[in-house]
Amino acid sequence: MGKTIRQLSEELKLSKQAINQRINSINGFRSKHTYKVKNHLEIDNQGVKLLANFDKQKRQERQPNQQDKNDKNVDHILLKQLDVKDQQIANLQQALDQQQKLQIATVAENHQLKEHVRKLSGLLETSSSAQQQQSNDRDDILSNSSNTSHRKDKNDNQNGNKVDEYRNREKKVSKSKTNNSWWHFW
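These numbers were taken from a predicted model, which means no experiment stands behind them. (Residues numbered from 1 in each chain as written. Predicted model: local features only at pLDDT ≥ 70, side-chain atom pairs only at ≥ 80, totals over all residues. Heavy atoms only, no water.)

**Digging into the overall build of the protein**
For the protein, the count of helices and strands is 6 helices and 3 strands. Of the contacts made within the protein by residues no fewer than 6 positions apart, 51% connect residues no fewer than 24 positions apart. Entry remark: accessible area of the protein is about 15,300 Å², with carbon and sulfur atoms responsible for 50%. (Helix = DSSP H or I, 4+ residues; strand = E, 2+ residues; numbered from the N terminus. Contact = heavy atoms within 4.5 Å. Areas by Shrake-Rupley, 256 points an atom, 1.4 Å probe, with all protein chains shown as cover.)

So this is what it looks like as structure tokens:
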């Protein structure tokens, strides 16, 4: 046996108007769960259960909607974060490319400078060996000739001066080699 709206309102501690609003808000409720007994409307047991659980149903209906909104907000936030991360990755990639280009340019310049130093070292070595050969040739000529002792003394003195000049040049070359380190070319 069913219950009347008055009995249901006392049981659920709701007003009759609240019960009627719940009945009206559920589609097809009157035709499925109500019947008339004499002058009043009665609700079957299944209808009573529906009205008693009405608040729970409404909350359950609202929760998925709220969950959808939360999901959309989370998706929006995640998409923004992905955009920021993509931009950061692009900036880092660009910086890495610039660094690699700079490294290649530096290596090429160092290679050129090393080649230049090698050429200069080769020129200094050939110049010093040529001077030494000339000195040896002069010594041979002087020793083989039958010059007077005065001339020998003079030549010895000149040779001594040339040896001193040669030593001075060697000192200058060694100093220039130490000063011509690669970092002095910058």
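On we go from here.
**Description of the packing of helix 1 (residues 5-12) against helix 2 (residues 16-25)**
Interhelical geometry of helix 1 versus helix 2 gives an angle of 105° and a closest axis separation of 9 Å. In this view, helix 1 runs roughly perpendicular relative to helix 2, as classed from their interaxial angle. Between helix 1, through Ile 5, Arg 6, Leu 8, Ser 9 and Leu 12, and helix 2, the contact on the second element is made entirely by Lys 16, Ile 19, Asn 20, Arg 22 and Ile 23. Along the lines of polarity and charge, the residues of the contact of helix 1 with helix 2 split into 5 nonpolar, 2 polar and 3 charged. (Axes fitted to C-alpha atoms, helices over the stretch in contact; angles between N-to-C directions. Parallel < 35°, antiparallel > 145°, perpendicular 65-115°, else oblique. Nonpolar A, V, L, I, M, F, W, Y, C, P; charged D, E, K, R; others polar.)

**Quick word on helix 4 (residues 45-52)**
All of the buried residues in helix 4 are Gly 47, Val 48 and Leu 51. Buried positions in helix 4, seen along its axis, are confined to an arc of 105° and lie on one side of it. Exposed positions of helix 4 whose direction lies more than 90 degrees from the buried face are Gln 46 and Lys 49. (Buried < 20%, exposed > 50% of the residue type's maximum accessible area, 1.4 Å probe, protein only. Arc of directions from axis to C-beta.)

**Thoughts on the side chain of Ser 9**
Within the fold, Ser 9 resides in helix 1. Looking at Ser 9, the relative accessible area reads 8%, which means it is buried. The contacts of Ser 9, once residues within four sequence positions are left out, are Leu 14, Ser 15, Lys 16 and Ile 19.

**Some words on the pairing of strand 3 (residues 40-43)**
With 2 bridges connecting them, strand 1 (residues 3-4) and strand 3 associate as antiparallel partners. Bridging across to strand 3, Thr 4 finds its partner in Glu 42. In the sheet, strand 2 (residues 34-37) pairs with strand 3 via 4 bridges, with the strands oriented antiparallel. Within the sheet, the bridge partner assigned to Thr 34 lies in strand 3 and is Ile 43. (Pairing = 2+ DSSP bridges.)

**Thoughts on the nonpolar core**
Counting residues in hydrophobic clusters, the biggest one holds 10 residues: Ile 5, Leu 8, Ile 19, Ile 23, Ile 26, Phe 29, Ile 43, Val 48, Leu 51 and Phe 54. Looking at this core, the elements with two or more residues in it are helix 1, helix 2 and helix 4. The residues touching Val 48, leaving out its near neighbours within four places in the chain, are Lys 3, Leu 8 and Ile 43. (Core = buried A, V, L, I, M, F, W, Y, C linked by side-chain atoms within 4.5 Å.)

**Some thoughts on the pattern of salt bridges**
One pass over the full model with this rule turns up 2 salt bridges. Salt-bridge contacts for Lys 3 lead to Glu 11; the nearest nitrogen and oxygen are separated by 2.2 Å. Relative accessible area serves as the criterion here: at 44%, Glu 11 is assigned to the partly exposed category. Taking the shortest distance from any N to any O, the salt bridge between Arg 118 and Glu 115 comes out at 2.7 Å. Note that Arg 118 and Glu 115 are positioned in helix 5 (residues 54-144) at a spacing of 3 residues, about one turn of the helix. (Salt bridge = Lys/Arg side-chain N within 4 Å of Asp/Glu carboxyl O.)

**Some points on helix 1**
Considered for burial, the residues of helix 1 that qualify are Ile 5, Leu 8 and Ser 9. Down the axis of helix 1, the smallest arc covering the buried residues is 100°, so these residues share one side. Opposite the packed face of helix 1, turned more than 90 degrees from it, sit the exposed residues Arg 6 and Glu 10. Check the buried side of helix 1 and you find it contacts strand 1, helix 2, strand 3 and helix 4. Positive phi shows up at Lys 13, right after helix 1, with a value of about 55°.

**Section: the side chain of Glu 42**
Mapped onto the elements of the fold, Glu 42 is located in strand 3. Side-chain polar atoms of Glu 42 contact the side chain of His 40, separated by 3.3 Å. (Polar contact = N/O pair within 3.5 Å; in protein donor to acceptor, adjacent residues only side chain to side chain.)

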